[in-house]
Amino acid sequence: MSTLTALARAQAVVAGRAQPVATVRHLHVHDHPLVLIPLAMAGEAHAPLAAMAGTDPARPRLFTVTQPRNRDERFAFAADLAALLVPHIDSFATDTEDVPVDRGKDVRQRYVDAPQLWVPNPAGIDFLRLFGRSTRFLKIDGDHPVPPAVPLLGRWLTFFGNSAEVPGSALLVNAVQALGLHWVTGQSGAEDAQFGVQLAWIEAGAAAAREAENGPVAGPATDPDFDNRVLAPLIERSAPELPQVLHDLLLPTWHRMWRAINLLRTLPAGERVRSRWDADRDAFTAFAQNLAEGGPPQPRRDGAVAAAARLQRLESAAARYAVQRAFDDPLVLAEYRLTGSAFAGIVTLANPDRIDDTGRRPVLRPRIMVHTTEAVRMEPGTSLTSPARPAQKAKVISITPAAGGHDVLLELSGGMGRRLVAEPGSVPAVGEPITLTTLSEAYRPGGSLPDPSETPWTHGGPPVYDQPTAPPTSAAPESVPAAAGGPAASADPGVPDPPLLDPPLPSSPVTGESADPPSAADPDPARTPDPAFESEPELTYRPGITPDPTATV
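Let me sum up the structure you'll find in this document.

## A short note on the overall build of the protein chain
Piece 1. A tally of helices and strands in the protein chain yields 13 helices and 17 strands.
Piece 2. Looking at the protein chain residue by residue over its 553 residues, the buried ones come to 39%.

Next up, the structure:
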């Protein structure tokens, strides 16, 4: 927990109401989102019980399973849910737009919009991810076929579940995390996981939150008391009133979901929210095209190289998302000012026409002086960026103590045009407030990863077996007499040696059982060989290794 977040929680306790920790909205809120509230049966391995879904707040659709242990009913539930979700998703895969690439030399196609799914909490995302994994490999023909939309639903749910792991993505949003990104309550983070309580803190305050603690759960887990008193008897006798009971259980959460969405809409969107949604549309377009081209389902688990590449993408997305939030929101950037990664001040001097001619050709390098009353923990030579001019770099030349603070001399580069005269407004003017930070949106190339075929067998590559070398012709061994239990070695070095035939072994003087002979691979005669390796190709006759029939243990 950061310092400002801890302070905001303390203020929420004193005021009895949630406190804002953001001045802008940091995620895209769709004009027509689809809300999905899943519910699972307790004590069963991912057995769906019900789901309330839809795009109209006034007309929710309820899908129930009267007997969650019945596989046929669970597949029927998946088919009904697919009949709602898949057409909704496909409705966005129609109109496309041209996106310039390669600096305008070429264009590519992207869908003009993408679907957005909302669930109440992170557990709802886990439910959809597991439900997608359990349905995307089902067969639509042969024994026990399922409707074609069921495996397609599983692949889409897997796609949305994977996108939820990408920081900044808004394709699959959980309301608890979205609200916690903009408000903090006077309770712990674990208590904020209860969606109804968290929303009550924001809407009405602590008193309403205490009343919401006893309200219906937001799923996918159910309340144990509800399970014992209400749900179990209804399922046991397949009661026809079960759908109505589940409808009444989920309806309060349904209304809260739409209130949370409308609450987030009251905040202005951050400047870089649109670019992140464009990246979501790119991901949606790529996956939709992969489905259209008959691509295979997502694998059950990533290979070593694919997992490393995915981890690299997630780390890059997390770093980029943190910088974008700080650049969009002064309240988020204040966290970095407290840690010394940023400072704010006033421009006191400016030389926008300064030319640096010490190199091979003259370049425009204006300098400015910034006076700040904050502690400056940067060293000379540090490269800084201003959120107001993210394409411009400011290198620290010197830091001088001044009255009430420090004077920081900075040299600017980039973001001023291609000529030796700075474009108007590209250089901060005297008297302009400015914030500088070590954060940067500059592109950071990822590390190179090997091809899966070039990795060892422990990481997915092909196994490599040691091939036995042929004996030299000048040192061909003599044949082993048959009476000694060994086969005769081939005189032709090009002909492979015959397999080693174990001779009859004498009984052990201790146990009376047959004793294993020592070998070059097993020098300890007291160790019993592992039967799992008896058929390995290395256990063949090698010239020069003659079994000792008199060996005992």
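## So, the packing of aromatic side chains
Piece 1. Within this structure, the stated rule accounts for 10 aromatic pairs.
Piece 2. Between Trp156 and Phe159, the ring centres sit 5.6 Å apart and the planes meet at 80°, which makes this aromatic pair edge-to-face. Taken together, the residues span about one helical turn, with Trp156 and Phe159 both in helix H4 (residues 149–163) at a distance of three residues.
Piece 3. Note on Trp156: relative accessible area 3%, which makes it buried.
Piece 4. Taking relative accessible area as the criterion, Phe159 reaches 10% and is therefore assigned buried.
Piece 5. Here Trp156 and Phe160 contribute two aromatic rings whose centre-to-centre distance is 6.1 Å and whose plane-to-plane angle is 40°, an arrangement assigned as tilted.

## Here we look at the pattern of salt bridges
Two side chains of opposite charge can pair, provided their charged atoms sit close to one another.
Piece 1. Within this structure, the stated rule accounts for 21 salt bridges.
Piece 2. Residue Arg129 is joined to Asp126 by a salt bridge in which the shortest nitrogen-to-oxygen separation is 2.9 Å. One end of the pair is Arg129 and the other is Asp126, both in helix H3 (residues 122–135) and three residues apart, which spans about a single turn.
Piece 3. Here Arg129 falls in the partly exposed class, since its relative accessible area comes to 23%.
Piece 4. Salt bridges here are not isolated pairs; linked through shared partners, they connect Glu97, Arg108, Arg110, Arg274, Asp278, Arg281 and Asp282.

## Quick notes on helix H7 (residues 195–203)
Piece 1. Most of H7 sits out of view: eight of its nine residues are buried.
Piece 2. Listing the buried residues of H7 in full gives Phe195, Gly196, Val197, Gln198, Leu199, Ala200, Trp201 and Ile202.
Piece 3. In this fold, the buried residues of H7 make contact with helix H1 (3–15), helix H5 (175–180), strand S9 (183–184), helix H6 (189–192), helix H8 (206–212) and helix H10 (242–265).
Piece 4. Looking one or two places after H7, you find Gly205, whose phi comes out positive at around 120°.

## Looking at the nonpolar core
Piece 1. The biggest cluster of nonpolar side chains holds 84 residues, and the ones touching the most others in it are Trp118, Trp156 and Phe195.
Piece 2. A total of 10 residues in this core trace back to one element, the largest contributor, which is H10.
Piece 3. Beyond its immediate chain neighbours, meaning those up to four positions away, Phe195 contacts Pro120, Ala175, Val176, Leu179, Ala218, Thr253, Arg256, Met257 and Ala260.

## Observations concerning the sheet that holds strand S4 (residues 61–64)
Piece 1. Spatial ordering of the open sheet is given by S4-S3-S2-S7-S8, a layout of five strands whose pairing is mixed. Of all strands in the sheet, those with a lone pairing partner are S4 and strand S8 (172–174), marking the two edges. Strand-to-strand, the axes of this sheet are offset by a mean angle of 25°, without reference to chain direction.

## Regarding the side chain of Gln187
Piece 1. You can see Gln187 is positioned in the loop between S9 and H6.
Piece 2. Given the relative accessible area of 9%, Gln187 is considered buried.
Piece 3. Aside from chain neighbours lying at most four places away, what touches Gln187 is Arg9, Asp192, Val197, Gln198 and Trp201.

## A short note on a positive patch on the surface
Piece 1. Where like charges cluster on the molecular surface, the positive patch consists of Arg133, Lys139, Arg300 and Arg301.
Piece 2. Mapping Arg133 onto the fold places it in helix H3.

## A few points about empty space enclosed by the protein
Once rolled over the atoms, a probe with the size of a water molecule shows which space is left empty.
Piece 1. Going through the model one piece at a time under the given rule, you end up with three cavities of 30 Å³ or more.
Piece 2. Estimates place the volume of the second largest cavity at around 50 Å³.
Piece 3. Considering the residues around the second largest cavity, the lining is formed by Ile368, Thr385, Ser386, Arg389, Gln392, Lys393, Ala394, Leu410, Leu412, Pro428, Ile434 and Leu436.
Piece 4. Secondary structure elements with two or more residues in the lining of the second largest cavity: strand S14 (383–386), strand S15 (389–402), strand S16 (405–413) and strand S17 (433–437).
Piece 5. Among the elements that make up the lining of the second largest cavity, the one with the highest residue count is S15 (four residues).

## Topic: unusual backbone geometry
Piece 1. Omega for the peptide link from Gly219 to Pro220 comes to -5°, which places this bond in the cis form.
Piece 2. Examined against the element boundaries, Pro220 turns out to sit in the loop between H8 and helix H9 (224–236).
Piece 3. One non-glycine residue, Asp102, lies in the positive phi region at around 55°.
Piece 4. Following the sequence through the fold, Asp102 ends up in the loop between strand S5 (96–101) and strand S6 (106–111).
Piece 5. Under the relative-accessibility criterion, Asp102 is labelled exposed at 52%.
Piece 6. Positive phi is not limited to glycine here, since Ser238 has a value of about 50°.
Piece 7. Secondary-structure assignment places Ser238 in the loop between H9 and H10.

## Quick look at the environment of Asp192
Piece 1. Here Asp192 lies in helix H6.
Piece 2. In sequence terms Asp192 and Leu179 are 13 residues apart; their C-alpha atoms lie 9.6 Å from each other.
Piece 3. Ignoring anything within four residues of it in the chain, the contact list for Asp192 reads Arg9, Val176, Thr185, Gln187 and Gln198.
Piece 4. A polar contact is formed between the side chain of Asp192 and the side chain of Thr185, at a distance of 2.6 Å.

## Looking at the packing of H4 against helix H11 (residues 273–292)
Piece 1. Contact geometry of H4 with H11 gives a least axis separation of 12 Å together with a crossing angle of 155°. With respect to H11, the axis of H4 lies roughly antiparallel. Remark: the crossing between H4 and H11 carries right-handed chirality. Of the residues in H11, those touching H4 at Leu152, Arg155, Trp156 and Phe159 are Ala283, Phe284, Phe287, Ala288, Asn290 and Leu291.
Piece 2. Taken together, the residues of the contact of H4 with H11 sort by class into eight nonpolar, one polar and one charged.

## Some points on the pairing of S4
Piece 1. Note that strand S3 (residues 48–54) and S4 share four bridges and pair antiparallel. Bridge pairing in S4 links Ala53 to Arg61.
Piece 2. Linking S3 back to S4 in an antiparallel pair, the connection comprises six residues.

## Describing H10
For an α-helix, 3.6 residues make a turn, and residues three or four places apart therefore share a direction.
Piece 1. Over its 24 residues, H10 runs 35 Å from end to end, which matches the ideal 34 Å to within 8%, given 1.5 Å per residue.
Piece 2. Bending of H10 peaks at approximately 35° at the position of Leu250, with proline Pro252 no more than four residues after it.
Piece 3. Every buried residue of H10 is listed here: Leu242, Leu246, Leu249, Leu250, Thr253, Trp254, Arg256, Met257, Trp258, Ala260, Ile261 and Leu264.

What counts, and where the lines are drawn
Residues numbered from 1 in each chain as written. Predicted model: local features only at pLDDT ≥ 70, side-chain atom pairs only at ≥ 80, totals over all residues. Heavy atoms only, no water. Helix = DSSP H or I, 4+ residues; strand = E, 2+ residues; numbered from the N terminus. Buried < 20%, exposed > 50% of the residue type's maximum accessible area, 1.4 Å probe, protein only. Phe/Tyr/Trp six-rings, centres within 6.5 Å; stacked < 30°, edge-to-face > 60°. Salt bridge = Lys/Arg side-chain N within 4 Å of Asp/Glu carboxyl O. Contact = heavy atoms within 4.5 Å. Core = buried A, V, L, I, M, F, W, Y, C linked by side-chain atoms within 4.5 Å. Pairing = 2+ DSSP bridges. Axes fitted to C-alpha atoms, helices over the stretch in contact; angles between N-to-C directions. Patch = residues over 30% accessible without salt bridge, like charges linked within 9 Å, V, L, I, M, F, W, Y side chains within 5 Å. Areas by Shrake-Rupley, 256 points an atom, 1.4 Å probe, with all protein chains shown as cover. Lys, Arg positive; Asp, Glu negative; His and termini not counted. Charge placed at Lys NZ, Arg CZ, Asp CG, Glu CD. 1 Å grid on protein atoms, 1.4 Å probe; cavity = no way out; pocket = protein on both sides within 12 Å on 5 of 7 lines; lining within 4 Å. Points joined across faces, edges and corners; volume = space filled by probe spheres on them. Polar contact = N/O pair within 3.5 Å; in protein donor to acceptor, adjacent residues only side chain to side chain. Parallel < 35°, antiparallel > 145°, perpendicular 65-115°, else oblique. Left-handed = near helix turned anticlockwise from the far one by under 90°. Nonpolar A, V, L, I, M, F, W, Y, C, P; charged D, E, K, R; others polar. Expected span 1.5 Å × (residues − 1). Bend = angle between axes of the 7 residues up to and from the residue.

Any functional reading would require information beyond the geometric quantities listed.
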